[in-house]
Amino acid sequence: MEQKVEKMNTFFGERIAACEERERALSADGRCDEANFEKVRANIYDVFRTILAVAVKTQKDEAGVRTFFAQKAEQIPAGWKAAYEAARQHEDAEKMWIEQIKLEAVDEIRAFFEQVWRNEE
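Described below are features of the structure shown in this document. (Residues numbered from 1 in each chain as written. Predicted model: local features only at pLDDT ≥ 70, side-chain atom pairs only at ≥ 80, totals over all residues. Heavy atoms only, no water.)

1. Some details on the overall build of the protein chain
Along its length, the protein chain carries four helices and zero strands. Here the C-alpha coordinates of the protein chain stretch approximately 45 × 35 × 25 Å along the principal axes. Per-residue burial over the protein chain gives 35% buried out of 121 residues. The contacts in the protein chain between residues at least 6 apart in sequence include a share of 69% that link residues at least 24 apart. Surface accessibility of the protein chain: about 7,300 Å² in total, with carbon and sulfur atoms responsible for 49%. In the protein chain, the 19 positive side-chain charges and the 25 negative ones have mean positions that sit 4 Å from each other. (Helix = DSSP H or I, 4+ residues; strand = E, 2+ residues; numbered from the N terminus. Buried < 20%, exposed > 50% of the residue type's maximum accessible area, 1.4 Å probe, protein only. Contact = heavy atoms within 4.5 Å. Areas by Shrake-Rupley, 256 points an atom, 1.4 Å probe, with all protein chains shown as cover. Lys, Arg positive; Asp, Glu negative; His and termini not counted. Charge placed at Lys NZ, Arg CZ, Asp CG, Glu CD.)

What follows is the structure in structure tokens.
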């Protein structure tokens, strides 16, 4: 399990660093809204890095970690989906984009998590 957690943490670290780099570049270019979107994306990776750490600390075994993480990866985005729909109904393009960024990031996280857990069993 340690290798799986290490792969996940490497993934999170790389994604956060890439977001921060894009954020700096966009800010330097005066593209503040886009820079803020990168900040949102980095925050999602950080949230799920924390969830993985909590899973490792609170669960007794690898199956428990996998279940805990997978449940959180389903529960948390449910609110974002609802927020996206509300923004769509109010034609709030910026809010829709923010929620879309969150949903895309969590989809990527879920896919990588499943790949790591599946490939190393």
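2. Looking at the nonpolar core
The biggest cluster of nonpolar side chains holds 25 residues, and the ones touching the most others in it are Phe12, Phe48 and Leu52. Contributions of two or more residues to this core are made by helix H1 (2-28), helix H2 (32-58), helix H3 (62-89) and helix H4 (93-119). With residues near it in sequence (within four places) discarded, leucine 52 still touches Val5, Met8, Asn9, Phe12, Val65, Phe69, Phe113 and Trp117. (Core = buried A, V, L, I, M, F, W, Y, C linked by side-chain atoms within 4.5 Å.)

Any link to function would need more than the numbers given here.
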